[in-house]
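Results of the structural survey
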Amino acid sequence: MATKAESKTDPDPATISDLDGLRAASAGCTRCELYRPATQTVFGEGPAHPSLVLVGEQPGDREDLAGEPFVGPAGRLLDKALAEAKIPRERAYLTNVVKHFKFEQRGKRRIHQRPTVGEIRACRPWFDAELRILRPTLLVTLGATAAKALLGSSFRVTAHRGEVLDRRAGPPLLPTVHPSAVLRAPDDRRAAEFDALVADLKVAAARL
Ligand code: URA
């Protein structure tokens, strides 16, 4: 966790009213320890008035270096799935519930580590502020971490993927799998997993 002295100097995302201001403020975030080894904060990317906000877990190795979400292999697969679902990229804003890459260094490789509940909680004000400013029609969570962050720890993506869930506050939410789960699927399952992701995104497309 950030020390008291550090977190005191962090701006409060809830007080920021525009996306550029939010992005600039997030660059100096020290709300948890993940900022120390990471290259930079990876803030969301996309149009100022998106119909759809897609939210993943955290930036990966490529995203950490590039400073942009979903620019690595999972992002390329997501682009392909969005195109097949006929969701124009210019209507979609991409972000993550955690905005620093969490990894373990093994030799030259940086291996992805799942963020803790405390790290997700520490980062949450940035995501809440993004949503408050963007006001999308629909939110799509990619994978279990994002879904559980927004719907509670007992939520199961497999039980509700592709369903549009109305919530008490905020836009309706459609959970689906993370594109990296499609990449990790065994060879003989990968095409079917990709088609299932596209099918979920088509449900989202119909709501836009
Ligand atoms: N995986 C994510 O969840 N987010 C990214 O930005 C990249 C990979």
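Residues numbered from 1 in each chain as written. Predicted model: local features only at pLDDT ≥ 70, side-chain atom pairs only at ≥ 80, totals over all residues. Heavy atoms only, no water.

For clarity, the threshold we go by: UniProt positions are given in the numbering used here, feature names are shortened, and annotations may be inferred rather than shown by experiment.
If you look the protein up in an unreviewed UniProt entry, it shows as Type-4 uracil-DNA glycosylase from Pseudonocardia eucalypti. The Sequence similarities (unreviewed entry) field of the UniProt record for the protein holds the comment "Belongs to the uracil-DNA glycosylase (UDG) superfamily. Type 4 (UDGa) family."

**What about the overall build of the protein?**
The following threshold applies: Numbering of helices and strands runs from the N terminus, with a helix taken as a DSSP run of H or I at least four residues long and a strand as a DSSP run of E at least two residues long. A contact between two residues is defined here by any heavy atoms of the two lying within 4.5 Å. Only the protein chains shown count as cover for residues, and the accessible areas themselves come from Shrake-Rupley with a 1.4 Å probe.
When helices and strands are counted, the protein shows nine helices and six strands. Projecting the C-alpha coordinates of the protein onto the three principal axes gives extents of approximately 50 × 40 × 30 Å. Counting only contacts in the protein whose residues sit at least 6 apart along the sequence, the fraction spanning at least 24 positions is 72%. When the accessible surface of the protein is totalled, it reaches about 10500 Å², and 52% of it is carbon and sulfur.

**Considerations on the site of the ligand**
Note the cut-off: We call a residue near a given molecule or strand whenever any one of its heavy atoms falls within 4 Å of it. Think of a polar contact as two N or O atoms within 3.5 Å of one another; within protein, one of them needs to be a possible hydrogen donor and the other a possible acceptor, and neighboring residues in sequence only count if both atoms come from side chains. Amino acids are sorted into nonpolar (Ala, Val, Leu, Ile, Met, Phe, Trp, Tyr, Cys and Pro), charged (Asp, Glu, Lys and Arg) and polar (every other residue, Gly among them).
Taken together, Gly 56, Glu 57, Gln 58, Pro 59, Gly 60, Glu 63, Pro 69, Phe 70, Asn 96 and His 178 form the complete shell of residues around the ligand. Between an oxygen atom of the ligand and a main-chain N or O atom of Glu 57, the distance comes to 2.9 Å. Take Gln 58: an N or O atom from its main chain is 2.9 Å from a nitrogen atom of the ligand. Considering the ligand on its own, with 240 Å² of exposed area, one finds that the protein chains cover 92% of that surface. Here the shell around the ligand is composed, by residue class, of three nonpolar, five polar and two charged.

**A short note on unusual backbone geometry**
Trans is the common state for peptide bonds, and a negative phi is the common state for residues other than glycine. Basically, it comes down to this: We call a residue buried when its accessible area falls under 20% of the maximum for its residue type, exposed when it is over 50%, and partly exposed in between, using a 1.4 Å probe and counting protein chains only.
Even without being glycine, Phe 70 reaches a positive phi, approximately 55°. Topologically, Phe 70 is positioned in the loop between helix 3 (61-66) and helix 4 (73-84). If you check the backbone angles, Lys 86 has positive phi at about 60° while not being a glycine. Residue placement: Lys 86 occurs in the loop between helix 4 and strand 2 (92-96). Assessed through its relative accessible area of 70%, Lys 86 is described here as exposed.

**Here's the deal with the side chain of Ser 26**
Take Ser 26: it is sitting in helix 2 (residues 19-26). According to the relative accessible area criterion, Ser 26 is buried, its value standing at 1%. Among residues more than four places away in sequence, those in contact with Ser 26 are Thr 41, Phe 43 and Trp 126.

**A look at the packing of aromatic side chains**
Which entries qualify depends on this criterion: Ring pairs are drawn from Phe, Tyr and Trp, using the six-membered ring of Trp, whenever the two centres fall within 6.5 Å, and their geometry is named by plane angle: stacked under 30 degrees, edge-to-face over 60, tilted for the rest. Here, over-ring charges are defined by two tests on the NZ atom of lysine or the CZ atom of arginine: distance to the ring centre within 6 Å, and angle to the ring normal within 35 degrees.
Under the criterion given, the structure shown has one aromatic pair. Between Lys 80 and the ring centre of Phe 194, over which it is positioned, the NZ or CZ distance is 5.0 Å. For the cation-ring pair, Arg 110 lies above Phe 103, with the distance from its terminal atom to the ring centre recorded as 4.7 Å.

**Thoughts on the confidence of the model for the protein**
Put simply, the rule reads: Scored between 0 and 100, pLDDT is the confidence that the predictor attaches to each residue.
Chain-level statistics for the protein give a pLDDT mean of 95 and a share of 96% at 70 or above. Between residues 1-7, whose pLDDT stays under 50, and residues either more than four places distant or in other chains, the model counts 12 contacts.

**What to know about the sheet that holds strand 2**
Two strands in a sheet stick together by hydrogen bonds in their backbones, pointing the same way (parallel) or opposite ways (antiparallel). Our working rule: One bridge is not enough; two strands pair if DSSP finds at least two bridges between them. Between the N-to-C directions of two axes lies an angle of 0 to 180 degrees, each axis being a line fitted to C-alpha atoms and, for a helix, fitted only over the stretch in contact.
Reading across from one edge, 2-1-5-6 is the order of the four strands in this open sheet, with parallel pairing throughout. Bordering the open sheet on either side are strand 2 and strand 6 (173-176), each of which pairs with just one other strand. In this sheet, adjacent strand axes meet at a mean angle of 20° when their direction is disregarded. Helix 6 (residues 144-151) rests against strand 1 (52-56), strand 5 (138-142) and strand 6 of the sheet, and its axis sits at about 130° to strand 5.

**Focus on the pattern of salt bridges**
Test applied: Just to be clear on terms, a salt bridge is a Lys or Arg side-chain nitrogen sitting within 4 Å of an Asp or Glu carboxyl oxygen.
Following the criterion strictly, the structure yields 12 salt bridges and no others. Arg 110 serves as the salt-bridge partner of Asp 61, at 2.7 Å between the closest nitrogen and oxygen. With Asp 61 in helix 3 and Arg 110 in strand 4 (residues 109-112), the pair connects residues that are 49 residues apart, well separated along the chain. Overall, Asp 61 belongs to the partly exposed group, its relative accessible area being 30%. With a relative accessible area of 18%, Arg 110 lands in the buried category. With its nearest N and O atoms 2.7 Å apart, the salt bridge here joins Asp 187 to Arg 190. Of this pair, Asp 187 and Arg 190 both sit in helix 9 (residues 187-206), three residues apart, roughly one helical turn. What makes Asp 187 exposed here is its relative accessible area of 65%. By sharing partners, the salt bridges in this structure join Asp 61, Asp 64 and Arg 110 into a single network.

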